[in-house]
Amino acid sequence: MTLALPGADGSLRGYEPRTEPLAVTPGTPLASRTVFSAAHVVADPFADTTPDSPAAVDWDATLAFRRHLWSHGLGVAEAMDTAQRGMGLDWAGAAELIRRSAAEARSVGGRIVCGVGTDQITGGGLADVRAAYEEQLAVVEEAGARAVLMASRALAAAARGPEDYLETYGHLLRQAAEPVVLHWLGPMFDPALEGYWGSSDLDAATGTFLEVVAAHPDKVDGVKVSLLDARREVDLRRRLPRGVRCYTGDDFNYPELIAGDEQGFSHALLGVFDPLGPLAAEAVRVLDTGDTAGFHALLDPTVPLSRHLFRAPTRFYKTGVVFLAWLAGHQDHFTMVGGLQSARSLPHLARAYELADGLGLFPDPKRAEERMRNLLSLYGVNQ
């Protein structure tokens, strides 16, 4: 049956749902690229909470989703902004998530890295920022995981120039037990990070970022760049010290950045690889064989969906990610911590469904269609 989907102009358009999913099954481990999916958390829909109260997490469903990603050969980037750090999930919840996911990774042999930030504080000076980072780094290391040093709202507010970033990150890298991933998250993902690395001039900020890496190459496994600027990422990638990886966080241009060029390529740590996990893993396995054209044939068609999910205001992309997880059957409800299921409009969600269904992302297209119909009915769209 044709499904009536609302458009941005308020009109309804007919859509014929797909009847068969894309045939993708778990396969061999990925070889030529290291790929992490930044995974979302599943809220407990029966918890009596409010948007400003501590998050109630459905731990069984949350860990099951991570096993799903690991089964396809992907690594999990835990407690990143995809998990709503600072947007519903507080530090206490994130710490519990890190401990549980790291233990689960050990039990199944999955690869994991975990976000380290300063979201247990809302202000303070540089000493407070360092202490907050140190507390979170200790939790990650005690859990037996590698750290991703995330950008800090508190540091952005406290720093007076590039030298404060150099000092803070230098201090943290010197005491890290193992090499970490440095994460540069642009203000399109979090407006509070405007001017990170001491300047709103991206060329100057890039210089400071690279100075941190160059001073501690033995403590930096790689850098994650989320600026949605492919040219800038390629330029930065070519300037990294030998042995330091670039993990793309560009949810607009990831196929070309992962494929690379004659001078190198990017690995990946991406929020969009939450809904695209099996397909993304299959594409990288094709790339492992040297078939770049086959890689692009699989992954390029996913870009319109990713660009739609990450459209401005980009920080609300999590809503689309969780919505697709519900349609795909990875959870039984469309509820988010912090109440963020309301952060995107019905036309936005309808277009996300249409694009994802067209790609064959839903293991059970009929179930996805039925859930979409239920959502439309809730909003007053009668079929």
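Quick summary incoming for the structure in this document.

Basis of the calculations
- Residues numbered from 1 in each chain as written.
- Predicted model: local features only at pLDDT ≥ 70, side-chain atom pairs only at ≥ 80, totals over all residues.
- Heavy atoms only, no water.
- Pairing = 2+ DSSP bridges.
- Helix = DSSP H or I, 4+ residues; strand = E, 2+ residues; numbered from the N terminus.
- Axes fitted to C-alpha atoms, helices over the stretch in contact; angles between N-to-C directions.
- Contact = heavy atoms within 4.5 Å.
- Core = buried A, V, L, I, M, F, W, Y, C linked by side-chain atoms within 4.5 Å.
- Buried < 20%, exposed > 50% of the residue type's maximum accessible area, 1.4 Å probe, protein only.

### Some remarks on the sheet that holds strand β6 (residues 146-149)
Now for step 1: One closed barrel accounts for 8 strands, arranged β3-β4-β5-β6-β7-β8-β9-β10; its pairing is parallel. The average angle at which neighbouring strand axes cross in this sheet is 25°, direction not considered.
Now for step 2: Note: strand β3 (residues 35-38) against strand β4 (residues 75-78), 3 bridges, orientation parallel. If you follow Phe36 over to β4, its bridge partner there is Gly75.

### Examining the environment of Val108
Now for step 1: Within the fold, Val108 resides in helix α2 (residues 91-108).
Now for step 2: In contact with Val108, other than residues within four places in its own chain, are Arg67 and Trp70.

### Describing the nonpolar core
Now for step 1: Among the nonpolar cores identified, the biggest contains 119 residues, and Tyr169, Leu182, Tyr196, Val223, Phe273, Phe323 and Tyr353 are the most heavily contacted of them.
Now for step 2: Per-element tally for this core: the top contributor is helix α13 (residues 346-359), with 8 residues.
Now for step 3: Excluding anything up to four places from it in sequence, Leu182 contacts Leu149, Tyr169, Leu173, Phe209, Val212, Val213, Val220, Gly222, Val223 and Lys224.
Now for step 4: One finds Ala77, Val148, Val181 and Tyr247 within the second-largest nonpolar core, a separate group that totals 10 residues.

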